[in-house]
Each structure stands twice: as structure tokens, then as C-alpha cells.
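These are the residues of each chain, in order.
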Amino acid sequence: MSQILEKAREYELQQEKTVPPGTRPGYHFSPRVGWLNDPNGFSWYKGQFHLFYQYHPYGPQWGPMHWGHAVSKDLIRWQYKPAALAPDTPYDEGGCFSGTAETLPDGRQLLMYTSVVWLPDDPDHRGFQTQSLAVGDGENYSKYEGNPVLTAEDLPKGGNPYEFRDPKIWQEEDGTWRAIAANQNETEGAQMLLFRSRDGWSWEFAKTLVRNDHRLGTMWECPDFFRLDGKQVLIGSAMNMLEDDREFHSGNNSFYMTGEYDRESESYREEVVRPMDYGIDFYAPQTLEAPDGRRILIGWMQNPDTANQRTVSNPVFGQMTIPRELSIRDGKLYQQPVREIAEYHDDMAEYQGVTIEEETSLPGVSGRQVDLDCTVYMEPRKGNRFTMRFAKDADFYTELSYFPEEGIVRLDRKFSGQRRAIIRHRDAKVSTDGVLKIRLLLDRYSVEAFVNEGEKVMTMTLETRLSAEEITFAAEGGATMDIRKYRLRSGDEQK
Ligand code: FRU
């Protein structure tokens, strides 16, 4: 093991003990110490789920990238493993960026990641980005002596070697391997490239799978590519997007495409493209296929533009979304929290047909670790508006509003305790039939609102002090509501 990796492993083991209780999210994954961004190598291997992550152990800010590592049986309770990769070779001394994992026929686990070397004194902070391999047993990984396996020479003409990263690998039924990686082309457009390998070790360029043709930002990152419910889904995370009415917001957004993939010619025909999430803090997701066939997604619960704008300082920074089960219905991608979360439910409170008008609270409905299911019935008349406030006390609250006539759901954290001039609310369009289903997962530092059974999801981080625990409901124009609320236990809390 290199000294750099050994140092990181010793450091995280020692420093983990100094993280004050209560500074981590209750049931969302957070780094062992320091900083976390993208999920990496999200996989099922040797009887458990593995989650690696972009990791800077030495402080709560982005820095030389390592791969952190954790395992889980149920996707909620995670157990840390020693850091898996460190930037410790001449070809990745600038960082081990994002990548994925697959099981080799001999039972070992193969990681493909982006190896970075910074250009000296470059005013644009560019680095050469190549793709490299590491192989291991679920705990210790060694880098392949043939690294890097994909370099600037493998790019199609005009491909930018400084913007070439985040390979997603898989094995085809005939035993050969594929990888899809993100790249920028000569016109400052984004493209996803397909690579091929006979054995998983020796790789070559196959073709350009998709180009963005100047839609959806200037560079795409973190591709994922899989079959789901009869469609081929391509997920990407776009940089430098323009605001577009109630779909994408400016900055970085993750999107999904559904389409058809012809395996013979290896060509992809895109049908629709939509945002993965209508909140603010969601990026760089990855998926895996669970042994029971479920396609499960996990994302970095942060917006890269604002991840460093926070004013609350915790020794540990960054969290993942709740893992989400994916399905396609009527051409749309639906997301639902993994069903395993029901194992962490406690203290149920249930109400049927409650009439709401003035702001009101309901006995048993409060808290900062909550799974709340709510159906609202309301006349779609002008001026009507339903609001739910949570993480609330005398000074702060975050608000979810529903405007039935306009067919809009709004999540607004203006009064959540933010001290920076950054976007604070986002809208999602819903039908105008006057019925809204919301499932709210509230944790100490975040909220995820699953709208209409996960047809749209709105994810935001919160900086509100933890004592703000009230939840209230109000309806201008009147509404009735069915509601079921559970407290959610933390992963390490006993039943
Ligand atoms: C996305 C990303 C990836 C890259 C990694 C570096 O958030 O920029 O493209 O591999 O983060 O940490």
C-alpha cells in the first residue's frame, strides 16, 4: 500500500472519533471525515451494497480526490471501510476522480476511475484526464500496471483531453466490456463516448454515442446507461446550463434521457430529456441493479455551484440522497425512496379527511427526521394555495406550496437560515386536477419531496438549526388532507 493511502486510512480512523455527535445527517450517508461529492462504484458485490465516493479526508472542502468506501446490507445503515484509492501514482497524482465498479469473472471487483494530472501553472486550472483501473476484493484495491488504459489518444478527433471523465463500465452478455465516458468536443459541446474491451483490461474507442448539439450546457459529467422497463436510459449531469422555465435551473443539473439502443450498431436514439430533480441540491447520480432486479439510484445531495457557499461549518461536509428505486411509467422516470426505509419507521401519526384553513399543527406531527405522506384535495380555483411549513420555529421555516389552479408545487427555503445570495426556491409543474400527493423525507440537513408518487422529486439541503422541529399546514381557499407521518430512526439507532 502506498504511503499516501496509508496516511489517509490512519487519518480517517483517528479523526472519525472527533466528529461531534449530531453533526451528521440522521439517515443520509455522509463521509467518514472531511468532504464528500459524487457517489462512485455504487454496486452489489459479495453479498452487500458497496458505495465509494469522491472524498477529501483532510477537510470539509474539495481537495485532492481519494475514493472513500462503505458497505451496507439495506442501503440505509452503512458501515465505513478504509479509503479505497488515493492520488498516489504519477498518472493520478492530481486526483482519483469519479468512476464505477463491476465484478470480474474471477470474482474480483474492477474499478474504472478518472486519473488526473494538473497542468503546471495553468491559469484555467486544467488537468489531463485519463481513465485507469484498480482491482480488489471489496476492501483493498491495487492499481493496474497498464494504467492509464484510456488517454487523449483514444479520443475521437476534436475531443478535449482536459474534459474527459467519469467512466461507467458494464459487461455485455457475450462477455465483452463497454464503458461510456463524458467528454467535451471541439465546439465546446458535450458528448458521451462509448469504449470497448474484450477482457476489461485493454480498451479502445468505439463511437460517439450522443452529442448535446449546444443544448443542455457546455459539458456533461457522470454518465449512466442502463435498460429499464423496456427503455434505454441515459443519465448525465450538465454544467453551465441556462435557466429554462420551470424545468432546468441555471448552473449544474442532472438529466435523464429515455430512448432506444440498438446493440448491433451500438447506436442510441433519444426520445425525451427531462431533469432528474426539480430541487436545487442534486447532482452526479449513479445507479446499480440490486439482486432482486430493482434499479436503484443514489446522488450527491448538493449543488456544485453552492456547495462552498455555506455559512454553517461542520467538520464533515456532504451527503448523499436517499437511495431511490427507479421505474418508467408513461415514458417518465419515477423515483421512490427504497422500501427498506420502512424498517426505520417509528411513532406513526395518522389523520384522514382533516379540513385545513388557518395555519395549524397536528398532534404527533413534528420532528427533523420524518417520513410524511400527505394527499391534499383542493378546488383548482384562482388564489387557492396549500402550504406546509417544516423545520420551523419562531424564526425559521422551509415551505412547500401547492397552487392547484396553476398546477405548481414550490419548494422555498428563503427562511431556512441561509446567509448567501443564492437561488432559494424552485417550482415543478403538476396537473391541475386539484389532487396532490407529497411524500416528504425530512432529515437534519435536507428535504426530499417526492411529488405524485415520485413523478417529480425536489431535493434541497437545509442549514436550519436542529431545534426547529415544528410542522404546520394551511390552505387559502380551504383543503382536506389525509396524512401519515413516521419518525425515522437514524441508521445507528436501536429499535
Ligand atoms: C462531478 C465531478 C466529476 C469529477 C468529480 C471530481 O461533480 O466534477 O465530473 O469526476 O466531480 O471530484
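Below, the discussion takes up the domain arrangement of the chain. Taken domain by domain, the chain consists of domain 1 (3–339) and domain 2 (345–488). Measuring from the centre of the C-alpha atoms in domain 1 to the corresponding centre in domain 2 gives 31 Å. Facing 38 residues of domain 1, the contacting portion of domain 2 comprises 37 residues. For the pair domain 1 and domain 2, the two sides together bury roughly 3,300 Å², of which 51% comes from carbon and sulfur. When the buried surface of domain 1 facing domain 2 is broken down by residue, Tyr-27, Arg-246 and Tyr-278 rank first, second and third, together holding 23% of it. With a shortest N-O distance of 3.0 Å, Arg-246 and Asp-427 are connected by a salt bridge. Applying the counting rule to domain 1 against domain 2 returns 25 residue pairs in polar contact (both at pLDDT 80 or more). Those elements giving two or more residues to the side of domain 1 that touches domain 2 turn out to be strand 20 (324–329) and strand 21 (332–337). With six residues, strand 21 is the single largest residue contributor to the side of domain 1 that touches domain 2.

Time to look at the site of the ligand. Close to the ligand lie Asn-37, Asp-38, Gln-54, Trp-62, Met-65, Phe-97, Ser-98, Arg-165, Asp-166, Glu-221 and Tyr-283. Residue Trp-62 places a side-chain N or O atom 3.1 Å away from an oxygen atom belonging to the ligand. Within the side chain of Arg-165, one N or O atom sits 2.8 Å away from an oxygen atom of the ligand. Here the ligand has 320 Å² of accessible area as a free molecule, and 90% of this is covered by the chains. The set of elements that each furnish at least two residues to the shell around the ligand consists of strand 1 (34–45), strand 5 (95–103) and strand 9 (164–171).

One face of the sheet, then the other: side chains in a regular strand alternate in exactly this way. As paired strands, strand 11 (residues 190–197) and strand 12 (residues 203–211) are joined by seven bridges and run antiparallel to one another. Paired with Phe-195 across the strands is Phe-205, a residue of strand 12. In this structure, the hairpin formed by strand 11 and strand 12 is closed by a connection of five residues, where Gly-200 is found at a positive phi of approximately 90°.

A word on the environment of Arg-77. Structurally, Arg-77 is set in the loop between strand 3 (66–72) and strand 4 (78–85). Setting aside residues up to four positions removed in sequence, Arg-77 forms contacts with Val-71, Ser-72, Tyr-344, Gly-491 and Glu-493.

Strands sit in the order 9-10-11-12 across an open sheet of four strands; the sheet is antiparallel. Each edge of the sheet is formed by a strand with only one pairing partner; in this case those strands are strand 9 and strand 12. Pairwise comparison of adjacent strand axes, ignoring direction, gives a mean angle of 25° for this sheet.

This part is about the nonpolar core. Core analysis: the biggest nonpolar cluster contains 39 residues, and Phe-29, Phe-42 and Trp-78 have the highest contact counts within it. Where this core is concerned, the elements lending two or more residues are strand 1, strand 2 (48–56), strand 4, strand 17 (283–289) and strand 18 (295–300). With four residues, the top contributor of residues to this core is strand 2. Residue contributions to this core reach at least three from each of two domains, namely domain 1 (3–339) and domain 2 (345–488). For Trp-78, the contacting residues outside a window of four places in its chain are Phe-29, Phe-42, Phe-49, His-50, Leu-51, Ala-70, Val-71 and Ser-72. Listed in part, the 38 residues of the second largest apolar core include Ile-356, Leu-362, Leu-400 and Leu-442.

Parameters at a glance
- Residues numbered from 1 in each chain as written.
- Predicted model: local features only at pLDDT ≥ 70, side-chain atom pairs only at ≥ 80, totals over all residues.
- Heavy atoms only, no water.
- Domains from an automatic or database assignment.
- Contact = heavy atoms within 4.5 Å.
- Buried area = accessible area lost by both parts, 1.4 Å probe.
- Salt bridge = Lys/Arg side-chain N within 4 Å of Asp/Glu carboxyl O.
- Polar contact = N/O pair within 3.5 Å; in protein donor to acceptor, adjacent residues only side chain to side chain.
- Helix = DSSP H or I, 4+ residues; strand = E, 2+ residues; numbered from the N terminus.
- Near = heavy atom within 4 Å.
- Areas by Shrake-Rupley, 256 points an atom, 1.4 Å probe, with all protein chains shown as cover.
- Pairing = 2+ DSSP bridges.
- Axes fitted to C-alpha atoms, helices over the stretch in contact; angles between N-to-C directions.
- Core = buried A, V, L, I, M, F, W, Y, C linked by side-chain atoms within 4.5 Å.
- Buried < 20%, exposed > 50% of the residue type's maximum accessible area, 1.4 Å probe, protein only.

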